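# A closer look at the structure
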Amino acid sequence: MASTVTPSKDSAAASRPGYGRLLRTPGAWTFLLPGFAARQPFAMLTISLVLLVQHTTGSYGAAGAVAAVTGVSMALFAPYGGRLADRYGQRAVLVPGVLLHTASGLALTALALTGAPLWALFVAAVPTGASVPQIGPMVRARWGVTLKGSPLMTTAAAFESVTDEFTFVVGPLLATALCTAVDPAAGLITEAALTLVGGLLFAARKGTQPEVAARDGRARVEHVSALRVPGVRVLIVTFLGIGSVFGGMQVSLAAFSESIGNPGLNGVLYGVFAAGNMLSGVVCGAIAWKKAPQRRLVIGYAALALTASALWTTHSAPALAGIGLLVGMCIAPALITGYTLVESLVPAGARTEAFTWLTGAVALGQAVAVTAAGQLEDRLWDGAGFLVPMAGTVLALMTLLAQRSRLVPAPRGRTVARGVGHREPVAVD
């Protein structure tokens, strides 16, 4: 319910972003708390897999390959799950997905511990990745429904990025501590348990989920994929580059910590990187931006490519922590701006799918980077895996510069994608 813009103190206050104002939105906490619990396992899955499989096989290449299968599987199936959630409701997709993910994750853990051949781990990794619950996109879609075009949408996008990155501070630290101090399988077992409990609690909050379009079947015929929006395809490439940073750093930091005889340092270094991301996300959401989001994305992504290109030159833990902090600080603005652009580029009935395409792109970029970085660490010098974030972000930046005009939203009154027949009016800040 967008309010009428009038030159008054109330409208001036409404135009200012603020986390306090955002969190006072009626109904927000009913999906935020269970959503936070349900998304925590997402940050634990890759690192838990890498540490478990590396422990049982002795190879970072094998560990990265198994983790990559889960990432590719998630990237391929997540958009389809998002489309189903838009069409049939989040609960209908989330409950069976949570149950499948828990079962397949535990099966993968058992196979790894019993010395199963690598192909068996690959087979189990497919349903594990395919069923990763897409809590982040679902929460973002609920914000879109709750705020309905409010000026707070940018703040909500920043808040979600901060929440994501907070999980990437806590998740890797928790997974590393469990795998190194308790048991190599403890990380995956905990991930499965959190997925089950958190996912079911989130699914139970039916009141804030987006309405299911097309109960009468009319809009269901007209629904098309968010992938047909040109700007979404550009954002997918940029998010692939961001995924290359996450995946490349996860493997390379683990290998670096192992090479200096302090494997527990891995979680600390990755936590510093994620903390930089989280802190810049807090600041980004608190600013009333004057520049267009397209320009902000280009500037922020250029800074990300520059800092990521310096990772492979470092050879000490303090220097790696410092550069990792800067890389993290550059990621949040790019993520926040990308998710904010979805609100103006994609019709409401396809936004959950659009968000899952972006989340899937991060997962796919992470999967490719984990594999490539693992091979480089096994075959070349310690730290060679850091070349992957540099290559991924530079290539994505080149694409973004060439295609940035596609990120300009269509004028009001025009359809954003051919065949979408259920557009909604968007409040203009």
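Residues numbered from 1 in each chain as written. Predicted model: local features only at pLDDT ≥ 70, side-chain atom pairs only at ≥ 80, totals over all residues. Heavy atoms only, no water.

### Notes on the overall build of the chain
Assigned secondary structure in the chain consists of 16 helices and 0 strands. Contacts in the chain between residues far apart in sequence, at least 24 positions, make up 83% of those at least 6 positions apart. (Helix = DSSP H or I, 4+ residues; strand = E, 2+ residues; numbered from the N terminus. Contact = heavy atoms within 4.5 Å.)

### Comments concerning helix α9 (residues 186-203)
Since there are 3.6 residues in each turn of an α-helix, residues three or four apart along the chain are aligned in direction. Along its 18 residues, α9 runs 26 Å from first to last C-alpha, staying within 8% of the 26 Å computed at 1.5 Å per residue. Among all positions in α9, only A186, G187, L188, E191, A192, T195, G198, G199, F202 and A203 are buried. (Expected span 1.5 Å × (residues − 1). Buried < 20%, exposed > 50% of the residue type's maximum accessible area, 1.4 Å probe, protein only.)

### Brief notes about the packing of helix α5 (residues 90-113) against helix α6 (residues 118-130)
In contact at an axis separation of 8 Å, α5 and α6 are set at 165° when each is read in the N-to-C sense. Put simply, α5 runs roughly antiparallel to α6. In this structure, the crossing between α5 and α6 has a hand that is left-handed. Here H101, S104, G105, L108, L111 and A112 of α5 come into contact with α6, specifically with A120, L121, A124, A125, P127 and T128. Each residue belonging to the contact of α5 with α6 can be placed in one class, and the counts come to 8 nonpolar, 4 polar and no charged. (Axes fitted to C-alpha atoms, helices over the stretch in contact; angles between N-to-C directions. Parallel < 35°, antiparallel > 145°, perpendicular 65-115°, else oblique. Left-handed = near helix turned anticlockwise from the far one by under 90°. Nonpolar A, V, L, I, M, F, W, Y, C, P; charged D, E, K, R; others polar.)

### Notes on the packing of aromatic side chains
Ring pairs (aromatic) are described by centroid distance and by the angle formed between their planes. One pass over the structure, following the stated rule, counts 0 aromatic pairs. One residue, R142, lies across the ring of F202, its end atom 4.3 Å from the ring centre. (Phe/Tyr/Trp six-rings, centres within 6.5 Å; stacked < 30°, edge-to-face > 60°. Lys NZ or Arg CZ within 6 Å of the ring centre and 35° of its normal.)

### With respect to the environment of L100
Mapped onto the elements of the fold, L100 is located in helix α5. L100 sits in the partly exposed class, given a relative accessible area of 45%. Here the alpha-carbon distance between L100 and T128, two residues 28 residues apart in the chain, equals 7.6 Å.

### With respect to helix α7 (residues 135-147)
Taking 1.5 Å per residue as the helical rise, α7 with its 13 residues ought to reach 18 Å, and the 18 Å between its terminal C-alpha atoms agrees with that figure. Among the residues making up α7, those that are buried are I135, G136, P137, M138, V139, R140, A141, R142, W143, G144 and L147.

### Examining the side chain of T195
Examined against the element boundaries, T195 turns out to sit in helix α9. With residues near it in sequence (within four places) discarded, T195 still touches P41, V98, H101, T102, P133 and L200.

### Concerning the confidence of the model for the chain
Across the chain, the average pLDDT comes to 76, with 82% of residues at or above 70. The secondary-structure element of the chain with the lowest mean pLDDT is helix α1 (residues 9-15), recorded at 42, while α6 shows the highest, at 89. Between residues 413-429, whose pLDDT stays under 50, and residues either more than four places distant or in other chains, the model counts 30 contacts. (pLDDT = per-residue confidence, 0-100.)

### Focus: the nonpolar core
Formed by 45 residues in total, the largest nonpolar core has its most connected members in I242, V327 and I331. Every element with two or more residues in this core is listed here: α11 (230-259), α12 (265-285), α13 (293-308), α14 (317-345), α15 (351-379) and α16 (387-403). Among the elements that take part in this core, α14 stands out by supplying 12 residues, more than any other. Those residues in contact with I331 that sit more than four places away from it in its chain are I242, V245, F246, F273, N277 and L304. (Core = buried A, V, L, I, M, F, W, Y, C linked by side-chain atoms within 4.5 Å.)

### Points about a nonpolar patch on the surface
Judged by side-chain polarity, L76, F77 and V126 come together as a nonpolar surface patch covering roughly 290 Å² of accessible area. Note that F77 resides in helix α4 (residues 60-88). On the basis of relative accessible area, F77 is assigned to the partly exposed category, the value being 42%. (Patch = residues over 30% accessible without salt bridge, like charges linked within 9 Å, V, L, I, M, F, W, Y side chains within 5 Å. Areas by Shrake-Rupley, 256 points an atom, 1.4 Å probe, with all protein chains shown as cover. Salt bridge = Lys/Arg side-chain N within 4 Å of Asp/Glu carboxyl O.)

### What about the packing of α4 against α6?
At a minimum axis separation of 7 Å, α4 and α6 run at an interaxial angle of 35°. Crossing hand, α4 versus α6: right-handed. Contact residues: α4 offers A62, A65, V66, V69, T70, S73, M74 and F77, while α6 offers L118, L121, F122, A125, V126, G129 and A130.

### Points about the side chain of R142
Along the chain, the position of R142 falls in helix α7. On the basis of relative accessible area, R142 is assigned to the buried category, the value being 1%. Apart from residues lying up to four places away in sequence, R142 is in contact with F31, Q90, F202, R205, T208, Q209 and P210.

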